[in-house]
Structures are given as structure tokens and as C-alpha cells.
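# Overview (structure and organization)
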Amino acid sequence: VQLQASGGGSVQAGGSLRLSCAASGRTFRSYFMGWFRQAPGKEREFVAAISWSGGSTYYADSVKGRSTISRDNAKNTVYLQMNSLKPEDTAVYYCAATKEYYSGSYYYTRTYDYWGQGTQVTVSS
């Protein structure tokens, strides 16, 4: 599967953005999806994940309550709605996919086999 992330941009603190990740192919619903981010000089970190049907979602503590992950399997797209953005949310955001998901492993970059190219989110104070 090929992933194309979009929707990043520059916003002021308190603003909102919706990131999108479009996937190629006709088997999108068979992929467990995640969003990660990487700030300059830091390791890539987990942001959110969603199960194949969208029935289960998972969030990092840093974004819980401010972000919502969702997916539209008919459109082969996963979304990340981010509200009340903070300067510390500034990073490149990546979407990722895997078919081989094991319970509790959504947090790890090594769980995912496919990655998008990233989209920049910049939040100014």
C-alpha cells in the first residue's frame, strides 16, 4: 500500500487542523492505521491509531482529548483532527499502516510496515 499524507500547515496556538492520509489499493480496510510525529532532534513518537473497522481508537496522552482519529474505508482515507493545538505539537506528521497488528503494539514504529511521506505541522505561540 502507498500512503499520501496531507493537510499540514501553520496555525496559531489554539487552532485546528485536519490531517488526511490517502491509501492506494483496494484492501485499505485490511490495514490497521496509525499517526506518528517527529519534531526536530527528537525520535518519532506515537500520536494515534485506529483499528480496521474504526471501532477501536488509541491516543497518546499528549493529544488525548484534543485529537480524533477516524477512517473512511470507502475513500481509503484515515484522518487526524487536531484541536487546541499547542507549540509542542509542531512536528512532521506521518501516517503508517500494517496488516499484522498484535494487541497493544500500536505504540511502536516497528509495528508498521508502510509509511507516508509526512506533512509538516507548525504551531506558533
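Below: a short report on this structure. All values reported here derive from a predicted model rather than from experimental measurement. (Residues numbered from 1 in each chain as written. Predicted model: local features only at pLDDT ≥ 70, side-chain atom pairs only at ≥ 80, totals over all residues. Heavy atoms only, no water.)

### So, the overall build of the protein chain
Let me state the cut-off plainly: For the purposes of this entry, the term helix denotes a DSSP run of H or I that reaches at least four residues, the term strand denotes a run of E that reaches at least two, and both are numbered from the N terminus. For a compact globule the rule gives 2.2 Å times the number of residues to the power 0.38, and the radius of gyration it is set against comes from C-alpha atoms. To sort residues, take the accessible area from a 1.4 Å probe on protein chains only and compare it with the maximum for the residue type: under 20% means buried, over 50% means exposed, and anything in between is partly exposed. Each accessible area is a Shrake-Rupley estimate made with a 1.4 Å probe; only the visible protein chains count as cover when residues are assessed. In this charge count, Lys and Arg are treated as positive and Asp and Glu as negative; neither His nor the chain ends contribute. All charge positions are set by atom: Lys at NZ, Arg at CZ, Asp at CG, Glu at CD.
The secondary structure content of the protein chain amounts to 0 helices and 11 strands. Relative to a compact globule of 125 residues, whose C-alpha radius of gyration would be 14 Å, the protein chain shows 13 Å and is just as compact. By residue count, 44% of the 125 residues in the protein chain fall in the buried class. Total accessible area computed for the protein chain in this model is approximately 6500 Å², and 44% of it derives from carbon and sulfur atoms. Taking the average place of the 13 positive charges on the side chains of the protein chain and the average place of its 8 negative ones, the gap between the two points comes to 6 Å.

### Description of the packing of aromatic side chains
As a reminder, the rule being used: Planes of paired rings set the category: under 30 degrees apart is stacked, over 60 is edge-to-face and the rest tilted, where pairs are Phe, Tyr or Trp rings (Trp by its six-membered ring) whose centres lie within 6.5 Å.
Using the criterion set out here, one finds 14 aromatic pairs in the structure. Relative to Y114, the ring of Y31 has its centre 5.9 Å away and its plane inclined at 85°; by these criteria the two rings are edge-to-face. Residue Y31 is located in the loop between β3 (17–23) and β4 (32–38), and its partner Y114 is located in strand β10 (residues 114–115); the two are separated by 83 residues in the primary sequence. Using a relative accessible area of 6% as the deciding quantity, one classes Y31 as buried. Summarising the aromatic geometry, the rings of Y112 and W115 are spaced 6.1 Å apart at their centres and angled 65° between planes, so their arrangement reads as edge-to-face. Among the residues examined, Y112 registers a relative accessible area of 4% and is labelled buried. Taken together, the ring pairs in this structure connect F32, F36, F46, W52, Y58, Y101, Y106, Y107, Y108, Y112 and W115 into an aromatic cluster.

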